[in-house]
Amino acid sequence: MNMIRIIALDESHIHIVNDANDPFPIIGRIIPSYMNGKWTYVEELDEEVTEITFPDDRLDWKQYIEHDSRILFLAMDADECVGQIRLVKDWSRFAYIENIAVRQTYRKRGIGRILLEAAEHWANEKQLIGLSLEAQNDNLIACRFYEREGFQLGGVDSIKQYANPQIELTLYWYKIF
């Protein structure tokens, strides 16, 4: 593997934005509970591993180029996009992570951590107080990653994904600087 470079999206890279949108395994779920003012959870593992792929995002990617309140970073291995993280300044003074993805063949190599470091750097430059994101409770591997990276569970929503009956809960994760 070459040295991974993190670059901000520019017009010449728009065509590869979704290249890291690979399938990911569903191995279980988080069962959250709220007690004494704190969210905790236990893991429930599935008997069978399944796989899911989110649809490619179809956004006006030019809105993420040289914009004060949003940015998209790409993890590049030579000319190949192997990861991305998309951020917007939220009204709550968090940098909200709209999406983070790493190509399947590049996972477990620290690229997610490098993307989060770029996000933290950007958020600090914008004088924001931390990072926030949403994850579905059945994306256990991602939730484990967020916790390892210093995020804490800050809330749960059972209605947000009402139109997607296969999604039980939306989890809100926060990393305060």
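Residues numbered from 1 in each chain as written. Predicted model: local features only at pLDDT ≥ 70, side-chain atom pairs only at ≥ 80, totals over all residues. Heavy atoms only, no water.

Asks: Before we go on, may I ask you to explain the nonpolar core in this structure?
Replies: Side chains that are nonpolar tend, in soluble globular proteins, to be buried together. In this structure, Ile-85, Leu-87, Ile-97, Tyr-146 and Trp-173 are the most contacted members of the largest nonpolar core, which totals 35 residues. Among the secondary structure elements, those contributing two or more residues to this core are strand E2 (24–35), strand E4 (70–77), strand E5 (80–89), strand E6 (94–102), helix H1 (111–125), strand E7 (130–136), helix H2 (140–148) and strand E9 (170–176). Tallying contributions element by element places H1 first for this core, with seven residues. Among all residues touching Ile-97, those that are not within four sequence positions of it are Ile-85, Arg-86, Leu-87, Leu-116, Leu-131, Ser-132, Leu-133 and Phe-151. The next biggest cluster of nonpolar side chains, apart from the first, holds twelve residues, and it includes Ile-7, Leu-9, Val-17 and Cys-81. (Core = buried A, V, L, I, M, F, W, Y, C linked by side-chain atoms within 4.5 Å. Buried < 20%, exposed > 50% of the residue type's maximum accessible area, 1.4 Å probe, protein only. Helix = DSSP H or I, 4+ residues; strand = E, 2+ residues; numbered from the N terminus. Contact = heavy atoms within 4.5 Å.)

Asks: What is the right way to look at the pattern of salt bridges in this model?
Replies: It is possible for side chains bearing opposite charge to pair when their charged atoms get close. For the coordinates displayed, the defined rule picks out 13 salt bridges. In this structure, the salt-bridge partner of Glu-120 is Lys-175, at a minimum N-O distance of 2.6 Å. On the criterion of sequence distance, the pair formed by Glu-120 in helix H1 and Lys-175 in strand E9 is long-range, its members being 55 residues apart. Since its relative accessible area comes to 21%, Glu-120 is described here as partly exposed. Put simply, Asp-19, Glu-80 and Arg-103 are held in one network by salt bridges that share partners. (Salt bridge = Lys/Arg side-chain N within 4 Å of Asp/Glu carboxyl O.)

Asks: Whenever I open this one, the packing of aromatic side chains confuses me. Can you help?
Replies: Two numbers describe a pair of aromatic rings. These are the distance of the centres and the angle of the planes. Overall, the coordinates contain eight aromatic pairs when judged by the stated rule. Here the aromatic residues Tyr-41, Phe-145, Tyr-146, Phe-151 and Trp-173 are joined through ring pairs into a cluster of three or more. Its guanidinium or amino end placed over the ring of Tyr-64, Arg-70 lies 5.8 Å from that ring's centre, counting from NZ or CZ. Positioned over the ring face of Tyr-106 is Arg-109, at 4.8 Å from the centre of the ring. (Phe/Tyr/Trp six-rings, centres within 6.5 Å; stacked < 30°, edge-to-face > 60°. Lys NZ or Arg CZ within 6 Å of the ring centre and 35° of its normal.)

Asks: Help me understand the side chain of Gln-136 in this model?
Replies: Note that Gln-136 resides in strand E7. If near-sequence neighbours (up to four positions away) are discounted, Gln-136 is found in contact with Phe-54, Cys-143, Gln-161, Ile-167, Leu-169 and Leu-171.

Asks: I keep staring at the sheet that holds strand E1 (residues 4–8) and nothing clicks. Help me out?
Replies: Strand-to-strand pairing in sheets goes through backbone hydrogen bonds, with the strands running parallel or antiparallel. Strand order in the open sheet made by the seven strands is E1-E4-E5-E6-E7-E9-E8, with mixed pairing throughout. Strands with a single pairing partner mark the edges of an open sheet, and in this sheet they are E1 and strand E8 (152–157). Neighbour to neighbour, the strand axes of the sheet diverge by 25° on average, direction disregarded. Bridge count for E7 against E9 is seven bridges, and the pairing is antiparallel. Its bridge partner being in E9, Ser-132 is matched across the sheet by Tyr-174. (Pairing = 2+ DSSP bridges. Axes fitted to C-alpha atoms, helices over the stretch in contact; angles between N-to-C directions.)

These values are about where atoms sit, not about what they do.
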